[in-house]
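For reference, the chains in residue letters:
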Amino acid sequence: MKLKIKRKLPFLKRNKLHFVFPVILFFLLFPHAGYSQHFQFNFENTSISRALSQVANQMQIRIAFDAGKLEKLKFSKNISEESPSKVILSILENTNYTVDFKHNTYLIIKSDQKFEKNIYYEKWVSGIVFDKETGERLPYASVYLWDKNISFSTNVDGNFSLSLVDSSTTFIQVKYLGYYTLDTLISTNNDIRFYGLGLQKKTQTLQTINITGEKLEMVDINNEAGHLTFNPTRFSDLPNYGETDVFRALQMLPGISSRENSSQLNIRGGSADQNLVMFDGFTLYNLDHFFGVFSALNPNVIKNIQVYKGGFDSRYGERVSGIVDITGKSGNQQKPEFYGGINLISANLTAEIPVTKKLTLVAAGRRAYSDIYSTWLADALLADKIGQSRRFKRADNVIEPEFYFSDFNFKVTYTPNQNENISFSSYGAKDYLNSSNISEKEQLEINTEDLNEWGNYGFGFSWKKQRSAKYFTNLQLGHSGYFNDYHNNTSFSGEFPPNNPQPDFQTQSNNLITNEENNLIDYFITFQNKYYLNPKNLFEFGVSAKYNEFKFYKDANRDVIYNNLNSSAFLYSMFFQDKINLKNNFIIKPGFRLNYFDKTGKLYFEPRFTASYKTDNGVVLKMATGKYFQYLNKSATEQNYGYNRDFWVLADDETHPVVSSNHFIAGASYEIKKMFFDVEAYYKSVNGLQEYLFFQNPEERQQGSPPVFKPGDDNLSQFISGKGKAFGIDFLAKYENTNFTSWLAYSVSKATRNFNEINNGDKIPAQFDQTHEIKWTNIYTYKKWNFSTLTLFTTGHQYIEFTEKDNDFNTIRTYNRLPDYFRIDLSLNYNFNIKNVNIKPGMSILNALNTENYLDIYTRKFDFVNNSFNETTLVKAQELTLNFFVNFRF
């Protein structure tokens, strides 16, 4: 690997340390024995630093040295030697430096620092990994110790600690997605206890550094089962529907189902509400914009994304499927920075401002302008997602909706010193959808007023502190909420045929009115600790408390109230786990989580265990298991007209059970040169699943009788509970080269559910059951151009073809599947500068082959005293569509 780099790599300026951190130069390694020819060099008044760079380049070896110090030493000499060691020693002649070959690298050290084999002592040092240009700390960066053949990650604030034993100089490697790898030396023969490791971001406009051997990385698979990290800096290079989308990028990974009409995450057969999605510590309850087309998170404010597809450790609770832990940016510490973009649907702007050397802020806003001016792309997307008749087969309905969405982020970060970080982060998002329409059915005119508003909001305060080289703490508190208000008023006018045949028709008028409200709030406080008992034991423990309150209201004409539910509860939790390094290549992590839920008055114990073992040939074997409980759940509903009809409920162990799940995961991964392979098999069982059954029209429940119902009367609605299971295999093959990355994801799975009230208790397919899914993603960079492709094939989604229930809510359903889904998307963009402004125009071609696909089908039944009929809507997927965007940064 060939490297050109600035000659100095200083510490953080605020450290005020006189020690210049070593800079490492890595070059492609050839066996260092077996040279038979002589190598000749002629140096004239050349610095030793420059001479070593020339030797490394010509001899195709890698050399590590302190470039800052050796740049000051100059010499003149003709050299002719037969081996790299002799060449380097000749260069270092008459200096107090020597060379030692270690870790496939020629290490240039002072003569009195020659490695000793009989020195045994321990010294704890700590540090941070940060963005060299902006000062932004990098969470979960990978740190590898060559001496010990072990690796670990920095914490959420970029801090790390390590114990150096049996060596006076340690060679480490630091990696972070989207950044160039840093290789360097840490010496214990000095009084330095804190190190700042600055990484250089990979950008196409970078001039000061040119590394030809670095890989283009998008996704990193952790040695822990089910755990992965995604690179947020390359989101905009993937094909998109107008908005750069966080969750749609995650849907390209194995085990996370992809749906064109939803950006929510369905992980390994689970529903989206079974995932805990956190942004800077507080919970997000609604994850999409624009009728499910886009995710509700602005990618411009995201620094890091950690995804757990199951088997997650005891730090996390409250959900039974997966975890998405998102860390927001803290802001540029060096200079103000502004960036944003505009596309055919929305516009966005983000600002990073260093108020002082210790105080930074990030502010971002995003809004769709489709309610002011609607482009052809916005019209086409809504026509597909809601169902405009020109795009349907057998469709009865015509909808011309109007909508907009908006969201904002604001974060203030104060860093009083290198060991402490205080931040306040807030977020808000709202969607407005008006699906009102007029349609005709036979001799009837159907006038529908359909209004829906929903959104998220939240804030979090965090105080992270490194109290010693071994002890870290993180205190968080905050509040988040969710609202969903829905109103539908459908009126009918025209001529109905009466029950008894007559020569003429009877004119009638009817109204069906539905109102729904679902509100949810929480307040929380957590205190987490990380303590290194010794180099082989990392204790993590903490406590938390959360208060939840929810409301669900549903009526018909205000005279018929299906449900008017209000509930609240406290959840108290504690956790403990120990990451034990049994050997350099064998790590286990036992732990547990203990919860007390005051709504049920019960304790819930959640044991957890993960393990990984790296064999001598490089294969990593991994497994995870655990028990999980969920106290706040979304109840699925039969109503299939409109959007976002599922609603949140709080468990009480009576009407609404506590959901529980057991996870079992086993897998293996293997990396060889530029290729990486990963496979995981999983099985999980779930108890306490819930569905909401109701009669859409009171007349359907009591035919011909005057409806006399009390609020929440079981005659109209009923919650039913059941169980389910999901099992499958996820496979990932990944190739990463300097300018090209590609990954192929394949999943085969099955997810089922059982309810006593549905199909006599027989197994029915889960809503997100998907047998086969193949996803192939490619990104290629050529100079200032980026090209990407996305190929997707999935088994058709299941849907309810027919349903019927009796007065006791015993339900018979017939399930069917849509045709298989296949699509190819293309994207390209170009980077260029106008003075200090970077501009990135681009375009996406969606469904480039114009394949005919279908997303959903739903039937709406209307029952009257003397007549009934069905209205069927088949939702067709997006046809060939172009999207254009322009992003900027200055």
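Note that this is a predicted model, so its numbers are computed, not measured.

Considering the overall build of the protein chain
Right, on to step 1. Tallying secondary structure elements over the protein chain gives six helices and 54 strands in all.
Right, on to step 2. Intrachain contacts of the protein chain at a sequence separation of at least 6 include 66% that bridge at least 24 residues.
Right, on to step 3. For the protein chain, the accessible area works out to roughly 35,900 Å², and carbon and sulfur atoms hold 53% of it.

Remarks on the sheet that holds strand E10 (residues 150-153)
Right, on to step 1. Taken together, the four strands give an open sheet; going across it, the order is E10-E9-E12-E13, and neighbouring strands pair in antiparallel fashion. Strand pairing shows two members of the sheet lacking a second neighbour, E10 and strand E13 (182-187), which therefore form its edges. This sheet shows a mean twist of 25° between the axes of neighbouring strands, independent of strand direction.
Right, on to step 2. Sheet analysis places strand E9 (residues 142-145) next to strand E12 (residues 169-175), joined by four bridges and oriented antiparallel. The partner of Ser142 across the bridge, within E12, is Lys175.

Here's the deal with the sheet that holds strand E23 (residues 322-328)
Right, on to step 1. Strand order in the open sheet made by the six strands is E16-E17-E22-E23-E18-E19, with mixed pairing throughout. Taken across any chain shown, the strands that pair with only one partner, and hence form the sheet edges, are strand E16 (219-221) and strand E19 (282-283).
Right, on to step 2. Pairing analysis gives six bridges linking strand E22 (residues 302-308) to E23, with the strands arranged antiparallel. Residue Asn304 lies in a different strand from E23, and its bridge partner there is Thr327.

A few points about the packing of aromatic side chains
Right, on to step 1. Per the stated rule, a full pass over the model turns up 32 aromatic pairs.
Right, on to step 2. A ring pair is formed by Phe41 and Phe43, whose centres lie 5.8 Å apart and whose planes are at 5°; its orientation type is stacked. Here Phe41 and Phe43 have matching classes, each one buried.
Right, on to step 3. Ring geometry for Phe43 and Phe75: centres 5.4 Å apart, planes at 50°, overall tilted. Here Phe43 is found in strand E3 (residues 39-47), whereas its partner Phe75 is found in strand E5 (residues 74-81), with 32 residues between them in sequence. One exposure class covers both Phe43 and Phe75, and it is buried.
Right, on to step 4. Chaining the aromatic ring pairs together yields one cluster made of Tyr780, Trp785, Phe787, Tyr830 and Phe832.
Right, on to step 5. The side chain of Lys734 reaches across the aromatic face of Phe676, ending 4.9 Å from its centre.

A word on a nonpolar patch on the surface
Right, on to step 1. Among the surface-exposed residues, Phe408, Phe410, Phe424, Phe459, Phe461, Leu477 and Ile525 lie close enough to one another that they form a single nonpolar patch of about 550 Å² accessible area.
Right, on to step 2. Elements represented by at least two residues in the nonpolar patch include exactly strand E27 (402-417) and strand E30 (444-466).
Right, on to step 3. For Phe461, the location among the structural elements is in strand E30.
Right, on to step 4. A residue is classified by how much of its surface remains accessible, and Phe461, at 30% relative accessible area, is partly exposed.

Definitions and limits used
- Residues numbered from 1 in each chain as written.
- Predicted model: local features only at pLDDT ≥ 70, side-chain atom pairs only at ≥ 80, totals over all residues.
- Heavy atoms only, no water.
- Helix = DSSP H or I, 4+ residues; strand = E, 2+ residues; numbered from the N terminus.
- Contact = heavy atoms within 4.5 Å.
- Areas by Shrake-Rupley, 256 points an atom, 1.4 Å probe, with all protein chains shown as cover.
- Pairing = 2+ DSSP bridges.
- Axes fitted to C-alpha atoms, helices over the stretch in contact; angles between N-to-C directions.
- Phe/Tyr/Trp six-rings, centres within 6.5 Å; stacked < 30°, edge-to-face > 60°.
- Buried < 20%, exposed > 50% of the residue type's maximum accessible area, 1.4 Å probe, protein only.
- Lys NZ or Arg CZ within 6 Å of the ring centre and 35° of its normal.
- Patch = residues over 30% accessible without salt bridge, like charges linked within 9 Å, V, L, I, M, F, W, Y side chains within 5 Å.
- Salt bridge = Lys/Arg side-chain N within 4 Å of Asp/Glu carboxyl O.

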